[in-house]
Amino acid sequence: MATARAERRLAAILAADVVGYSRLVEHDEAGTLSALKVLRQEVIDPLLAEHQGRIVKLMGDGALVEFGSVVDAVACAVAIQKGVAENQADIPTERRIIFRIGVNLGDVIHEVDGDLYGDGVNIAARLQTLADPGGICISGTAYDHLQGKLDCDYEYLGERALKNMERPVRLYRPFWKGRPHERHRPGPHFRTDHPLPCCRSTP
């Protein structure tokens, strides 16, 4: 009998993580877990379904989601950040749930159990850590497929060497209506030899 094999494919990967999750849980574990459950049911899950995202992995403080389209992935990321911000607007700042999101388009290894591995996944996870609280960080490969597709501004953040990645990755930060646009000040690990201006994309 033939053994099922893992397959490689190109996919858009969204990695999300809750900012300050340990602090939130330490302060009020039951309340934090309950609030996250409500956010998933009322905001996140419906948006993932709308944009055809497949949940690959759920952690207590985050998630990994696969999309067939990078346009859908970034549109979903923007919608999630908008929806979460609206949901949490009346919550005291110290108890507010805020996400960081990273999106990458890259090669992934799809296991028979549905899990994903590879650089495409690892880069998305690294980008998530570089995003602003309530914001999104996307790779250059994702950005190259977005121009003219979404109603967002994109700020080029330069190139950055990511852990365990051979080549530096171009980074962009999307902005959308209702989110203040403040110029990013690249840290010492960013290479900005060829900075690009903010780019406007419209439907």
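Everything below is about the structure shown above.
This write-up is about the structure you can find in this document. (Residues numbered from 1 in each chain as written. Predicted model: local features only at pLDDT ≥ 70, side-chain atom pairs only at ≥ 80, totals over all residues. Heavy atoms only, no water.)

### Considering the pairing of strand E1 (residues 7–18)
- Bridge analysis of E1 against strand E4 (residues 99–110) gives 12 bridges, and the strand direction is antiparallel. Its bridge partner lying in E4, Ala16 is registered against Ile101.
- Across 6 bridges, the pairing between E1 and strand E3 (residues 62–67) is antiparallel. Paired with Ala15 across the two strands is Leu64, which belongs to E3. (Pairing = 2+ DSSP bridges. Helix = DSSP H or I, 4+ residues; strand = E, 2+ residues; numbered from the N terminus.)

### Some thoughts on helix H2 (residues 29–50)
- End to end, H2 covers 30 Å across 22 residues, agreeing with the expected 32 Å (1.5 Å per residue, within 8%).
- If you look at H2, its biggest bend is around 45°, right at Arg40.
- Those residues of H2 lying buried are Thr32, Leu36, Leu39, Val43, Ile44, Leu47 and Leu48.
- Elements that come into contact with the buried residues of H2 comprise E1, helix H1 (21–27), strand E2 (54–59), E3, helix H3 (70–88) and E4.
- Where H2 begins, the side chain of Asp28 points an oxygen toward the backbone nitrogen of Gly31, at a separation of 2.9 Å.
- Just downstream of H2, Gln52 is the residue with a positive phi angle, here 60°. (Expected span 1.5 Å × (residues − 1). Bend = angle between axes of the 7 residues up to and from the residue. Buried < 20%, exposed > 50% of the residue type's maximum accessible area, 1.4 Å probe, protein only. Contact = heavy atoms within 4.5 Å. Polar contact = N/O pair within 3.5 Å; in protein donor to acceptor, adjacent residues only side chain to side chain.)

### Some words on the nonpolar core
- Ranked by size, the top nonpolar core spans 43 residues in total, and within it Val70, Phe99, Ile101, Val103 and Ile138 carry the most contacts.
- With 11 residues, the single largest contributor to this core is H3.
- Once you skip the residues sitting within four places of it in the chain, Ile101 turns out to touch Leu14, Ala15, Ala16, Ala77, Ile80, Gln81, Gln128, Ala131, Gly135, Ile136 and Cys137. (Core = buried A, V, L, I, M, F, W, Y, C linked by side-chain atoms within 4.5 Å.)

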